[in-house]
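# Coordinates in review
This is what each chain is made of:
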Amino acid sequence: MKFMNNKEKVANNIFKIIFLILFLAFLTIYLSQGTGYYDYELHKKTVFTQEQIKKFEADVAAGKDVRVEDYLVDVKKDYSNKTSDFGYFVSKNLGKYIKDGIENTFKFITKFVE
């Protein structure tokens, strides 16, 4: 019987964890589809849209001032918090410095080759 060394044990554990996470993600998606959650959400959007169309038509028939913005609802949610804002700040600045570094490296190589 061959014994696994520590690297093989770690790799085996990582593989098991990744497999478990993927399996749980699959199960979640499968169950949400099976229970009709996605279809219900689409139905809610459809009903809302139909209501807004009726409201628009009633306002046009009544001769009211009609603007499209009055009938559109912005449903985008802002999930930002202090941690995500800090991550964005670090990422943006780090990307800028890396870009400058790469550009300067290629400028140096170009001057060196010429």
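Structure: see above.
Reference entry: report on the structure contained in this document. (Residues numbered from 1 in each chain as written. Predicted model: local features only at pLDDT ≥ 70, side-chain atom pairs only at ≥ 80, totals over all residues. Heavy atoms only, no water.)

## Considering the environment of leucine 72
- Note on placement: leucine 72 falls in the loop between α2 (37-62) and α3 (82-113).
- Placed 61 residues apart in sequence, leucine 72 and alanine 11 show a C-alpha to C-alpha distance of 51 Å. (Helix = DSSP H or I, 4+ residues; strand = E, 2+ residues; numbered from the N terminus.)

## A short note on the side chain of glutamine 52
- Here glutamine 52 is to be found in helix α2.
- Glutamine 52 sits in the buried class, given a relative accessible area of 15%.
- Once you skip the residues sitting within four places of it in the chain, glutamine 52 turns out to touch Asp70 and Tyr71. (Buried < 20%, exposed > 50% of the residue type's maximum accessible area, 1.4 Å probe, protein only. Contact = heavy atoms within 4.5 Å.)

## Description of the pattern of salt bridges
- Considering all chains together, one arrives at 2 salt bridges under this definition.
- In this structure, glutamate 41 engages lysine 44 in a salt bridge whose closest nitrogen and oxygen atoms are separated by 3.5 Å. Note that glutamate 41 and lysine 44 are positioned in helix α2 at a spacing of 3 residues, about one turn of the helix.
- By relative accessible area, glutamate 41 is classed as partly exposed at 23%.
- Under the relative-accessibility criterion, lysine 44 is labelled partly exposed at 39%.
- Lysine 64 is the partner of aspartate 59 in a salt bridge, and the nearest nitrogen-oxygen pair spans 3.6 Å. (Salt bridge = Lys/Arg side-chain N within 4 Å of Asp/Glu carboxyl O.)

By themselves, these observations are geometric and do not establish any function.
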